[in-house]
Amino acid sequence: MNRVKVSVTVDPDVLQEVDSYVGEHQGLDRSKVMDEALALWLARRQDEAMEEQFSGEGAPAGEVEAWRSIRRAAAARRLQRS
């Protein structure tokens with residue numbers, strides 16, 4: 001995977017904690033810590049987007065009702081098999 005080098009400004013206390021943690025864990029470095037932090041940030045954004053989508057707020061007109069219809073049809077099929 002191609003990687004991009006970036007420069008960030010962080011709180012010195014946070015950096016000290018990261019460096020301390022990295023120093024105690026062989027094979028770990030600042031970049032790996034940042035990768036994990038950014039992956040967690042991205043996962044949170046995706047969770048928020050899904051919550052918004054499924055709450056019905058901001059969903060395109062008709063989409064919520066279409067999903068309800070699909071859900072009802074799936075439930076009816078499942079109940080018929082039982």
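Here goes a summary of the coordinates provided. (Residues numbered from 1 in each chain as written. Predicted model: local features only at pLDDT ≥ 70, side-chain atom pairs only at ≥ 80, totals over all residues. Heavy atoms only, no water.)

**Description of the pattern of salt bridges**
Summed over all chains, the structure comprises 5 salt bridges. Notably, a salt bridge pairs R30 with D19, separated by 2.7 Å at the nearest N-O pair. In this pair, R30 sits in helix α2 (residues 30-55) while D19 sits in helix α1 (residues 12-24), placing the two residues 11 residues apart along the sequence. Its relative accessible area of 45% is what places R30 among the partly exposed residues. For D19, a relative accessible area of 31% puts it in the partly exposed group. Look at the salt bridges and you will find they share partners, linking E65, R68 and R72 into a network. (Salt bridge = Lys/Arg side-chain N within 4 Å of Asp/Glu carboxyl O. Helix = DSSP H or I, 4+ residues; strand = E, 2+ residues; numbered from the N terminus. Buried < 20%, exposed > 50% of the residue type's maximum accessible area, 1.4 Å probe, protein only.)

**A look at α1**
Between its terminal C-alpha atoms α1 stretches 18 Å, which fits the 18 Å expected from 13 residues at 1.5 Å a residue. Capping the start of α1 is the job of one residue whose side-chain oxygen sits 2.7 Å from the backbone nitrogen of D13: D11. (Expected span 1.5 Å × (residues − 1). Polar contact = N/O pair within 3.5 Å; in protein donor to acceptor, adjacent residues only side chain to side chain.)

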